[in-house]
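# Report on the structure
In case you want the letters, here they are:
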Amino acid sequence: KPGGIIALLDETCMLRNSNHEIFAEKLYQKFKDNPHFSRPKFSRSDFTIHHYAGNVTYQTDLFLDKNIDYAVNEHQDLLHASTCPFVSSLFPPSEESTKSSKSTKFTSIGSSFKQQLQGLLETLSGTEPHYMRCIKPNNVLKPAIFENSNVLQQLRCGGVLEAIRISCLGYPTRRTFEEFVDRFSVLRPEVLGLRYDEVTATNMLLEKVNLTGYQIGKTKVFLRAGQMAELDARRTEVLSYSASKIQRKVRSFLARRNFIQLRMSSVQLQAMCRGQIARHYYEDLRRKAASLKIQTYYRMHFARKNYKDLYSASTTIQSALRGMAARNEFHFRQQTKAAVTIQSCCRSDLASSRYMGLKKAAITTQCAWRGRLARRELRKLKMAAKESGALQAAKNKLEKQVEELTWRLQLEKRMRTDMEEAKTQENKKLQQQLQELQFQSKETKDILRREQENAKTALEKAALVPEIQVDTTHVDKLTAENENLKTLVVSLETKIDETEQKFEEMKKAREELLKKATDAESKINGLTNTMLSFQEKLTNMEAENQLLRQQALLHSRLKTISENTSPKSNSTNGSPLHVEQMTPHGTPRAPKDYGNFAHPRASFSERQHGECGCTYKLCY
């Protein structure tokens, strides 16, 4: 019994303990000689089928599980009998369910697929199919991108190239008689008459072109490959020739029409031009007569205007000269007054700055000398720092000095603030005076410029009046006054520059004084720090004194106890022990140098040595 892959799959599914490897072995044994079947080299359960489009490799891992997963007929009948029309439409009655329910034939997914495929082939054989091939241009799914290799692979797999090759071997071009005559009747126009039918018309057209190898059918004409292109080429030649002929006729008609229109328009233009020339000649004659009248009136008006201009120029020159003299005298007085005020302010400022500088220098020298004295006293206090009384006195003195210095600092700060306020006020006054002087100098410059412009205009107007005689002495005086004004302006500018330089020098002196004050503050801070260190040393020394007193008391008590218990002297390692001197009454004498704080204190190393001796005696 001949069977395929689906039959073998159903057979393997019906056996017990079967798996995909058994199914693959059966396929290899049955289809080993088939040219469309092959086994991959490095696989145990895969197989390859050589389809028309290409080779496809299948994996048999889940073939058996998927083939057994089918729907039960009773379930399908039950769902088809549902009252809901949608559910019943989803599960139509199958052919197997219509058969007797006693049949126990094995059904699988493969067998149902085989039946469906057979039904599809029957429907296709009963119809005339027309296929439409959809080709994917690229894998990115974007427009205007074509991957040639991908498109060629799709055409090859879809069988389009093979179908084209097969159709080219026969008669690829097929046209009905009506379409053929309608397209190629331009090659022989007489075939469009009623005398010829479609078959004879097509024969006549093909004979006209001298084609061979074509076939005439019942309703169509069959052409070989390339013959349709040859017919189209002959058709385009005929159409191009007829188009050129039509163009020639149309161009000749348009040229004749343009020539007639040009001739008519030239005649009209000539008539218009002649009339325009005559009108222009008459207009020129009128203009000449009018220009003579205008010239007479214009000359008369120009002579009157010149006379009036000369008269007004002479009067304006006289008024301008008189006003300039008065203004010059007024400005000279203003400048002298301003110079006097500037000199007084500068002298007062110089005197105050000298006084303040001397005052600050005296204060700084006093501070320096007092600081020097304080440093000397500090050295003396350091040398005498061994005694607590001396340190206490030094502390008191330093506190007094710090208080005095802080008081002086406050005084200096107040004086500095007063000086800064006075300086700021003086600076404001000087700036105001400078601004006033600059404003006055600007005004004088503007007035000079205006007077110069007026004088220029007056001189230009006077140049037009040759008959008027101007007094040169007055003009010389005015020029001399002008030069004097210029020198005054220059001197004012120099004075302003000098005041600005002095202002900058005062600023520098003030900055130096501020630096000196900050140095004095730093010195005061250093003195306070030294005073604090002395205070710490005092407290440490007082604590050491208390410790020593306690040790001395302890030592005296231990000696009294030892003398009461063992009056005889003992020796250790052949060295005699130190025996305390006794009083005549049998009591030990008081220890020397303990509690006697009137004498100067020992150094730190001596005190350490004494403490070590005390501890040694206590341990002994």
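Note that this is a predicted model, so its numbers are computed, not measured. (Residues numbered from 1 in each chain as written. Predicted model: local features only at pLDDT ≥ 70, side-chain atom pairs only at ≥ 80, totals over all residues. Heavy atoms only, no water.)

## With respect to the sheet that holds strand β2 (residues 46-50)
Taken together, 3 strands build an open sheet; the order of strands is β1-β2-β3 and the sheet is antiparallel. The sheet terminates laterally at β1 (37-38) and β3 (55-59), the two strands that pair on one side only. In the sheet, β1 pairs with β2 via 2 bridges, with the strands oriented antiparallel. Within β2, the position partnered with Phe 37 by the bridge is Ile 49. (Pairing = 2+ DSSP bridges. Helix = DSSP H or I, 4+ residues; strand = E, 2+ residues; numbered from the N terminus.)

## With respect to unusual backbone geometry
Residues other than glycine seldom take positive phi values, yet Asn 17 does so here, at roughly 55°. Position of Asn 17 relative to the elements: it lies in the loop between α1 (5-14) and α2 (20-30). Since its relative accessible area comes to 77%, Asn 17 is described here as exposed. The backbone of Ala 144 shows a phi angle near 65°, a positive value even though the residue is not glycine. (Buried < 20%, exposed > 50% of the residue type's maximum accessible area, 1.4 Å probe, protein only.)

## Side note on the packing of α1 against α2
Direction vectors running N to C along α1 and α2 enclose 140°, while the axes themselves pass 10 Å from each other. Judged by the angle between their axes, α1 and α2 are oblique. The hand of the α1/α2 crossing is right-handed. Mapping the contact onto sequence places Ile 5, Leu 8, Leu 9, Glu 11 and Thr 12 in α1 and Phe 23, Lys 26, Leu 27 and Lys 30 in α2. Of the residues that constitute the contact of α1 with α2, the class distribution is 5 nonpolar, 1 polar and 3 charged. (Axes fitted to C-alpha atoms, helices over the stretch in contact; angles between N-to-C directions. Parallel < 35°, antiparallel > 145°, perpendicular 65-115°, else oblique. Left-handed = near helix turned anticlockwise from the far one by under 90°. Contact = heavy atoms within 4.5 Å. Nonpolar A, V, L, I, M, F, W, Y, C, P; charged D, E, K, R; others polar.)

## Overview of the confidence of the model for the protein chain
Of all residues in the protein chain, 83% have pLDDT values of 70 or greater, and the mean over the chain is 79. Taken as a whole, residues 100-104 scores under 50 in pLDDT and shows 0 contacts with residues more than four places along the chain or in a different chain. This model gives residues 566-620 a pLDDT under 50, and the stretch forms 42 contacts once residues within four places in sequence are excluded. (pLDDT = per-residue confidence, 0-100.)

## Describing the packing of aromatic side chains
This model, assessed by the stated rule, comprises 8 aromatic pairs. Both rings, one in Phe 23 and one in Phe 63, keep their centres 6.1 Å apart while their planes meet at 40°; by these two values the pair is tilted. Placement of the pair is Phe 23 in helix α2 and Phe 63 in helix α3 (residues 63-68), with a sequence separation of 40 residues. Ring centres of Tyr 28 and Phe 37 lie 6.4 Å apart, and the angle between their planes is 50°; on these two criteria the pair is classed as tilted. No difference in accessibility class separates Tyr 28 from Phe 37, as the two residues are buried. Through a chain of ring-to-ring contacts, the aromatic side chains of Phe 23, Tyr 28, Phe 31, Phe 37, Phe 47, Tyr 58 and Phe 63 assemble into a single cluster. (Phe/Tyr/Trp six-rings, centres within 6.5 Å; stacked < 30°, edge-to-face > 60°.)

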